[in-house]
Amino acid sequence: MSDHYNSEVWTEKYRPKVFEDMVGQEEIIKRVKSLVNSMNIPHLLFAGPAGIGKSTLALIIVKQLFGESWRENYLELNASDERGIDVVRQKVKDFARTKALGDVPFKVIFLDEADALTREAQQALRRTMENYTSTCRFVMSCNYSSKILDPIQSRAVVFRFQLLEKKDIKRRIDLIAENEGLSISADAFDALYEASEGDCRRVINLLQATASISPNITPDLVNTIVSKAKPSDIKVVLDYALSGDFQNSREKLLDIMLKESISGQDVIKAIQKEVWNLPIDNALKVKLTEKTGEAEFRLVEGADEFIQLEALIAAFIRAGLGGESGDLKGGE
Amino acid sequence: MMNMDNVPWCEKYRVRSFEDMKGQELAVSKVKLFLKSFPKKKAIALHGPPGVGKTSLAYAIASEMDAEVLELNASDFRNKAKIAEIVGPASQQKSLFRNNKIILIDEADGVSSMKDRGGISELLVLLEKSVFPVIFTANDIWHKKFSLLRKKADVVALKEVDYKVVLGVLSDVCEKENCVVSNEVLTSIAIKARGDIRAALNDLQILSKMDSPELLKEVGDRNKEQSIFTALQHVFQTAKIDEEMIKVYDEVNMSIDDVFLWIEENLPLAYKGEELCQAIDALSLADVFRGRIRRQRHWRFMVYEYFLLGAGVASVKKYDRSGWTQYKKPSRILKIWLQNQRSAKKKSICEKYAKHCHISIKTAMKDFMLLKVILQKPDIREGLQLTNDEIAYLDKPIVA
């Protein structure tokens, strides 16, 4: 549907369309380009943080391979949105059943955020990959390749994407500024970059949001948007905890997580950054940061985010009660 | 005829034909295909959660084929020589009494991949020569010890059975056993079973043995809540850790996940200050074990899970408490549900945006505050084909 219109969402409008437009990742692009030129690709696995060009490269690959008919030969699935492997398998099956159109003897399936699949789902995926290997190529993306099963990694060529350098992102931003008639001060670009942690998609989104207020992009304007878009202050949760009010602290926490669709890990990230600004002594900050790390570790290992965050709140309550007992091991 | 009075109902009413396999139509049709094409593949692997009918389906196959069953259990696999001795000849000779034979390797999960290296693979090699179908049943077919089996056998999944199917089975059995149980109770057994027909039949049989008809009617939700109240009271008010405390959740007829929610909700009512912190620590450690069970399928961790939820939470106080507390029903799940209802529009907007921008809906939801600003532009709204309702949602000022 909306694919065909000229997008006014800048992340789409200015998404690189050919290899030459991409910034950074030079080595990867060189290798992928030669693979595509041979009109045959193996299964590919793109690993790296968000907003550095993984999906863009996948799209360029299919556009180069299939030309005009790329939409008919390309299926995009997002593992973190599909409800279970059965859905993924069914969609792959339906898509792979018909033969590829055109000169290329296979179709391409892009499985985004593949590390969101559980171990079992990945096992099933591996079988699916095997079953359709003659008619389909899988391009998968993930943040951490360590979360992808070895048998899948061994069936794919793995490319590790690097975080984009500041100058690379600047090249894209300058291009957009020129096209859209914006003036961006050096300070303003710094502000955009700082708020995005090297995520190019986020930089562009921030820029478009800021530009909707004024074409003269200043640091103040950027910061206004950034603070508007920032998730609610997690500090309120911590303040309640430090004052010993567990009930209100956890209620506020659940409220923020639900209303703003924030995951447990994002909350932990926010808490970890906030700890150093709290009015408590340094030794305590170290202990609370360690406790925060422990909670994050448990979440990564598959624990329940609400319960583990409540345990983290309990650590802050201890800190509020009187320092020493903030020890992870009980301190007694 | 043997005395059937003490036979477990799940055995007594085991299905004997494909027709009687309830709620597994897809699996049955796959099995039929396998039999039709036999011996193209020698083996079939039936897998699925406990109590959905894997073994029953195997026996149904036998009776449909008029076949004798040679059953091997996990415990028989210790000795490779023994396998060769039993399975080797059996897979060649014709049955003495019937026309046919099947070899059933039940609960293949139990074959340790460490102790008898290659246990399953070894068996597969032997069975290459078998002239009879070989049936494996397993819970976790994706375990790496089954990799060769998955290649050599037809893999058929049995789904968790819907509670209505379970209810149907229970009603049938009630009729045959001439026992009167209210529909309400049957339904609650069926729901509680979570797709495990065997567990449901066991519950029903125990219930039918209670001689007070009053009691029979009372089972159900109220009983469920009463049992968790009693357990919570014991945990939150008793300081002594004894046998009773270790077994405190034995009588609670709800799943351990529900127990977690009840404790989580009521901890702050029971404890304050440092005690509360320690109790939450115990709860969070129990949760760590729950996660480990899920990931590694090492069910023995449940011991620690229950211990931490009971003794762990109880041990934070030095002295017994008295008094009566009105414990609250868990509210977290309800809150999550309500919020999902409220944010339905937000989600549908994010779905459109996510598809357009090649990102996940989750990412879009997370960036929503920023997207709201970008989605002010009319041509973008048009391009994404947002509905009037969705546009109204975007224009609505945020209520703090």
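Residues numbered from 1 in each chain as written. Chains lettered and ligands numbered in written order. Predicted model: local features only at pLDDT ≥ 70, side-chain atom pairs only at ≥ 80, totals over all residues. Heavy atoms only, no water.

A word on the interface of chain A and chain B
Counting residues at the interface gives 61 residues for chain A, matched by 53 residues for chain B. Summed over both sides, the interface of chain A with chain B buries roughly 5,400 Å², with 54% coming from carbon and sulfur. One salt bridge in this structure joins Lys 366 of chain B and Asp 266 of chain A, with 3.4 Å as the shortest N-O distance. One can count 18 residue pairs in polar contact (both at pLDDT 80 or more) joining chain A with chain B. Considered class by class, the residues forming the side of chain A that touches chain B number 20 nonpolar, 15 polar and 26 charged. (Contact = heavy atoms within 4.5 Å. Buried area = accessible area lost by both parts, 1.4 Å probe. Salt bridge = Lys/Arg side-chain N within 4 Å of Asp/Glu carboxyl O. Polar contact = N/O pair within 3.5 Å; in protein donor to acceptor, adjacent residues only side chain to side chain. Nonpolar A, V, L, I, M, F, W, Y, C, P; charged D, E, K, R; others polar.)

Details of the sheet that holds strand β4 (residues 136-142) of chain A
All names here are of chain A. An order of β2-β3-β4-β1-β5 is seen for the five strands of this open sheet, with the pairing classed as parallel. Looking at which strands have only one partner, the edges of the open sheet turn out to be β2 (74-78) and β5 (156-160). Shown here is a sheet whose adjacent strand axes are inclined to one another by a mean of 15°, direction ignored. Inspection of the sheet shows β2 paired to strand β3 (residues 107-112) by five bridges, in the parallel sense. Directly across from Asn 78, in β3, lies its bridge partner Asp 112. Sheet contacts for helix α3 (residues 54-66): β1 (43-47), β2, β3 and β4; angle to β3, the most-contacted strand, approximately 175°. Contacting β1, β3 and β4, helix α5 (residues 119-131) runs over the sheet at an angle of about 150° to β4. (Pairing = 2+ DSSP bridges. Helix = DSSP H or I, 4+ residues; strand = E, 2+ residues; numbered from the N terminus. Axes fitted to C-alpha atoms, helices over the stretch in contact; angles between N-to-C directions.)

Description of unusual backbone geometry
Residues and elements named next belong to chain A. Even without a glycine there, the phi angle at Met 39 is positive, about 60°. Turning to its location among the elements, Met 39 is positioned in the loop between α2 (26-37) and β1. Non-glycine residue Glu 197 carries a positive phi angle of around 50°.

A short note on the nonpolar core
Ranked by size, the top nonpolar core spans 74 residues in total, and within it Ile 41, Phe 46, Leu 57, Ile 61 and Val 108 of chain A together with Tyr 353 of chain B carry the most contacts. If one sorts the elements of this core by residue count, α3 of chain A sits on top with eight residues. Among all residues touching Ile 41 of chain A, those that are not within four sequence positions of it are Leu 35, Val 36, Ile 61, Leu 65, Phe 106, Val 108, Arg 137 and Val 139 of chain A. Among the nonpolar cores identified, the runner-up in size contains 69 residues, and Val 237, Ala 295, Leu 309 and Ala 311 of chain A belong to it. (Core = buried A, V, L, I, M, F, W, Y, C linked by side-chain atoms within 4.5 Å. Buried < 20%, exposed > 50% of the residue type's maximum accessible area, 1.4 Å probe, protein only.)

Some thoughts on a nonpolar patch on the surface
Taken together, the side chains of Ile 241, Ile 246 and Phe 307 of chain B present a nonpolar region at the surface, about 250 Å² in accessible area. In this fold, Ile 241 of chain B is placed in the loop between α11 (221-237) and α12 (243-246). (Patch = residues over 30% accessible without salt bridge, like charges linked within 9 Å, V, L, I, M, F, W, Y side chains within 5 Å. Areas by Shrake-Rupley, 256 points an atom, 1.4 Å probe, with all protein chains shown as cover.)

Re the pairing of strand β4 (residues 134-138) of chain B
Residues and elements named next belong to chain B. Burial of β4 is extensive: five of the five residues sit out of reach of the surface. Because side chains alternate across β4, one face comprises the buried residues Val 134, Phe 136 and Ala 138, and the other comprises Ile 135 and Thr 137, equally buried. Sheet topology note: the strand β1 (residues 43-47)/β4 ladder contains five bridges and is parallel. Bridge pairing in β4 places Ile 44 opposite Ile 135. Sheet topology note: the strand β3 (residues 100-105)/β4 ladder contains three bridges and is parallel. Within β4, the position partnered with Leu 104 by the bridge is Ile 135.

Some thoughts on helix α10 (residues 219-229) of chain A
Every buried residue belonging to α10 of chain A is among Leu 221, Val 222, Ile 225, Val 226 and Ala 229 of chain A, and all of these are buried. Angular distribution of buried residues about the axis of α10 of chain A spans 135°; they occupy a single face of the element. In α10 of chain A, the exposed residues that point more than 90 degrees away from the buried face are Asp 220 and Lys 228 of chain A. Check the buried side of α10 of chain A and you find it contacts α8 (186-194), α9 (200-211) and β7 (216-217) of chain A together with α19 (368-374) of chain B. (Arc of directions from axis to C-beta.)

Quick notes on the sheet that holds β4 of chain B
Residue and element names in this part refer to chain B. Read across the sheet, five strands follow the order β2-β3-β4-β1-β5 without closing on themselves; strand pairing throughout is parallel. The outermost strands of the open sheet, each flanked by one partner alone, are β2 (67-72) and β5 (153-157). Adjacent strand axes in the sheet meet at a mean angle of 25°, parallel and antiparallel pairs treated alike. Packing against the sheet, helix α3 (residues 54-65) makes contact with β1, β2, β3 and β4, and its axis sits at approximately 170° to β3.

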